[in-house]
Amino acid sequence: MEILVVGTGAREHALVRALSLDPAVTALHAAPGNPGIGALATLHAVDQLDGGAVATLATSLGVDLVVVGPEAPLVAGVADAVRAAGIPVFGPSAAGARLEGSKAFAKEVMAAAGVPTAEPRVATTLAEAEAGLDAFGAPYVVKDDGLAAGKGVVVTSDRAEALAHAAACLDKPGGRIVIEDYLDGPEVSLFVLCDGTDVVPLVPAQDFKRAYDGDAGPNTGGMGAYSPLPWAPAGLVEEVVETVARPTVAEMARRGTPFSGVLYCGLAMTSKGMRVVEFNARFGDPETQVVLARLATPLAGVLMASATGTLAALPPLRWRDEAAVTVVVAAHGYPADVRSGDPITGIEQAEELPDVHVLHAGTALSTDATGTQQLVASGGRVLSVVGTGADLTAARAAAYAGVGRIALPGSHHRSDIAALAAGGE
């Protein structure tokens, strides 16, 4: 099987790494990829948002499967263009990706499907936003309706801060927000593979959205993740499949827009039971890094089954017993004013450690005056350092040992990823 992976981040590097370990995969391509992905796949300088260009590339390469990683290409209809060219593609259509592209649409689908979630109010004016904030009270939850790279949500007890975020979102062309009831309790991420009819869950993970230790600071795209979740209630995966994933996939099919790919279920384990915080239409980043580190079943056949409507015939997935922890190394200033161009060293030394691998996110190759190439930071989240071990304590130790060998001037990372869970909390 020859496969083309679309995207540039650590999620795509995790996918490419897993596919490279699959003996059924004979060739890997990425568009446009990154330097880390380039060590495992042939890179192609194609705009990942240009469906026609991606479809043309896939056709010219003669690949058997295209895997679309990020949300923006999915919302832009890249998967539709590839399907129209007659090539199987892992990832939903633009119509399906609306589950992530519009939070208001996702709430509408959840309501029709009877999915448990927070009560929402959609606002398109500041007056409607104020009314919504006052109706729910603090803590206030304000979400940009559209794609915001994981940074469109503000949860705060400060009404002025909530209103300022609402105003900034509404000030965009076609600005719309969703204000909703606050959901208490820890959050869980569960990826469910879909083929338009059937669903197959992966294992749960938890990510860390806030920038700093102790869940302080602003929301980010994610600063780390771990799996498994020793504290998760028994039967959680089955409950999500039956009350969230199956009803949602059935509702999307009823609307004539069958959903295939990954339904990312962001969940809150509240005092009143499990509730859906959000849907995404693709693998989450950084949760993918730990989930795929635990997957023992070869990945290519799993993705192909989703792409070709044959999940029902897929044997049960096999999982490694070991735990996985990923720690994100972020550039100076992230998530605000990110500094690019700082040199990165120590990745090779980190990967010399047992049970450690490093995935590139915001990296690039820079050539100096002597013609020497240097790996440099080119984005906010620069690297995902993944550690595995017999339990979360061992996996944490491996991940942080890897982080300790990497140097990036001005970088920062959280030191408490999975700490509470490893301590039995």
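Overview of the structure.

### Here we look at the overall build of the chain
A tally of helices and strands in the chain yields 15 helices and 22 strands. Taking 425 residues into account, the globule formula puts the C-alpha radius of gyration at 22 Å, and the chain, at 21 Å, falls close to it. Dimensions along the principal axes, computed over C-alpha positions, put the chain at roughly 60 × 45 × 45 Å. Taking all 425 residues of the chain together, the buried fraction comes to 56%. Counted over contacts in the chain with a minimum sequence separation of 6, partners at least 24 positions apart contribute 69%. Summed over all atoms, the accessible surface of the chain reaches about 16,100 Å², with 53% contributed by carbon and sulfur. Of note, the chain has its 28 positive side-chain charges centred 3 Å away from the centre of its 47 negative side-chain charges.

### Description of unusual backbone geometry
Peptide bonds are mostly trans, and most non-glycine residues show a negative phi. Pro32 follows Ala31 through a cis peptide bond whose omega is -10°. With an omega of -10°, the peptide bond running from Ala138 to Pro139 counts as cis. The topology assignment puts Pro139 in the loop between helix 8 (126-136) and strand 7 (140-144). Even without being a glycine, Asp215 presents a positive backbone phi close to 55°. Inspection of the secondary structure assignment puts Asp215 in the loop between strand 13 (210-212) and strand 14 (216-219).

### Comments concerning the pairing of strand 18 (residues 323-330)
In terms of burial, strand 18 is a largely internal element, eight of the eight residues being buried. A two-sided burial pattern is seen for strand 18, the buried positions comprising Ala323, Val325, Val327 and Val329 on one face and Ala324, Thr326, Val328 and Ala330 on the other. Here strand 15 (residues 224-227) runs beside strand 18; their pairing, made up of four bridges, is antiparallel. When the bridges of strand 18 are listed, Ala225 appears paired with Thr326.

### A word on the packing of aromatic side chains
This model, assessed by the stated rule, comprises four aromatic pairs. With a centroid separation of 5.4 Å and an interplanar angle of 45°, the aromatic rings of Phe191 and Tyr264 are classed as tilted. Of this pair, Phe191 sits in strand 10 (residues 187-195) while Tyr264 sits in strand 16 (residues 260-270), and the two are 73 residues apart along the sequence. Assigned by exposure class, Phe191 and Tyr264 land together as buried.

### Some points on the pattern of salt bridges
Between side chains of opposite charge, a pair can form as their charged atoms come close. This structure, assessed with the given rule, holds 18 salt bridges. Among the ionic pairs, Lys143 bridges to Glu180, the shortest N-O distance being 3.1 Å. Note that Lys143 is positioned in strand 7 and Glu180 in strand 9 (residues 177-180), a separation of 37 residues in sequence. One exposure class covers both Lys143 and Glu180, and it is buried.

### As for the sheet that holds strand 12 (residues 206-207)
The strand order across the open sheet built from five strands is 12-15-18-22-19, with neighbouring strands paired in antiparallel fashion. The open sheet is flanked by strand 12 and strand 19 (356-360), the only strands paired with a single partner. By the bridge criterion, two bridges tie strand 12 to strand 15 in an arrangement that is antiparallel. Among the inter-strand pairings, Asp207 is bridged to a residue of strand 15, identified as Ala225. Together, strand 12, strand 15, strand 18, strand 19 and strand 22 (381-389) form the strand contacts of helix 11 (residues 287-294), whose direction differs from that of strand 18 by roughly 150°.

### Points about helix 7 (residues 103-113)
For helix 7, a buried count of eight out of eleven residues is recorded, marking the element as mostly surrounded by other parts of the structure. Turning to helix 7, its buried residues are Lys103, Ala104, Phe105, Ala106, Lys107, Val109, Met110 and Ala113. Directly after helix 7, the chain includes Gly114, whose backbone phi takes a positive value near 70°.

### Points about helix 1 (residues 10-20)
Each full turn of the α-helix corresponds to 3.6 residues, which orients residues three or four apart in the same direction. Burial of helix 1 is extensive: nine of the eleven residues sit out of reach of the surface. Inspection of helix 1 places Ala10, Arg11, Glu12, His13, Ala14, Leu15, Val16, Ala18 and Leu19 among the buried residues, and these make up the whole buried set.

### A short note on the pairing of strand 4 (residues 65-68)
Along a regular strand, successive side chains alternate from one face of the sheet to the other. Neither face of strand 4 is open: one carries Leu65 and Val67, the other Val66 and Val68, and all of them are buried. Pairing of strand 1 (residues 2-7) with strand 4 involves four bridges; the strand directions are parallel. Within strand 4, the residue paired with Val6 across the bridge is Val68. Of the strand pairs in this sheet, strand 4 and strand 5 (residues 89-90) are connected by two bridges, and their pairing is parallel. Opposite Val66, over in strand 5, you have Val89 as the bridge partner.

### Considering the side chain of His360
Mapped onto the fold, His360 is located in strand 19. Apart from residues no more than four positions distant in its own chain, His360 is found in contact with Gly9, Ala10, His13, Asn34, Pro35, Gly36, Ile347, Leu375, Val382 and Leu383.

### Section: the sheet that holds strand 6 (residues 120-123)
If you walk across this open sheet you meet the four strands as 6-9-7-8, and the pairing is antiparallel. Of all the strands in the sheet, the pair left with one neighbour each is strand 6 and strand 8 (153-156). Ignoring which end each strand starts from, the neighbouring axes of this sheet average 20° apart. Here strand 7 runs beside strand 8; their pairing, made up of four bridges, is antiparallel. The partner of Lys143 across the bridge, within strand 8, is Val153. Most of the contacts of helix 7 go to strand 9, to which it runs at about 50°, and overall it touches strand 6, strand 7, strand 8 and strand 9. Sitting on the sheet, helix 9 (residues 159-170) is in contact with strand 6, strand 7, strand 8 and strand 9, with an inclination near 15° to strand 7.

What counts, and where the lines are drawn
- Here, residues in each chain are numbered from 1, in the same order as that chain's written sequence.
- Local features are withheld for residues below a pLDDT of 70 in this predicted model, meaning they are given only at 70 or higher, and side-chain atom pairs are given and counted only at 80 or more; totals for whole chains, interfaces and linings count all residues.
- Calculated side-chain values reflect all of the structure's heavy atoms, with hydrogen atoms and water omitted.
- By definition, any uninterrupted DSSP run of H or I lasting at least four residues is a helix, any uninterrupted run of E lasting at least two residues is a strand, and each is numbered from the N terminus.
- Only the C-alpha atoms count toward the radius of gyration. The rule for a globule is 2.2 Å times the residue count to the power 0.38.
- When accessible area is computed with a 1.4 Å probe and restricted to protein chains, residues below 20% of their type maximum are described as buried, those above 50% as exposed, and intermediate ones as partly exposed.
- When checking whether two residues touch, look at their non-hydrogen atoms; a contact exists if any pair is within 4.5 Å.
- To be clear on the numbers: accessible area is Shrake-Rupley with a 1.4 Å probe, and residue cover counts the displayed protein chains and nothing else.
- Asp and Glu count as negative and Lys and Arg as positive, but His and the ends of the chain are not part of the count.
- Where a charge sits is defined by one atom per residue type, namely NZ (Lys), CZ (Arg), CG (Asp) or CD (Glu).
- Two strands make a pair as long as DSSP finds a minimum of two bridges between them.
- Here the aromatic set is Phe, Tyr and Trp, taking the six-membered ring for Trp, and pairing holds for ring centres within 6.5 Å; pairs whose planes are under 30 degrees apart are stacked, those over 60 apart are edge-to-face, and all others are tilted.
- A pair is scored as a salt bridge if a Lys or Arg side-chain nitrogen falls within 4 Å of a carboxyl oxygen belonging to Asp or Glu.
- Lines fitted to C-alpha atoms define the axes here, with helix axes fitted over just the stretch in contact, and angles between the N-to-C directions of these axes take values from 0 to 180 degrees.

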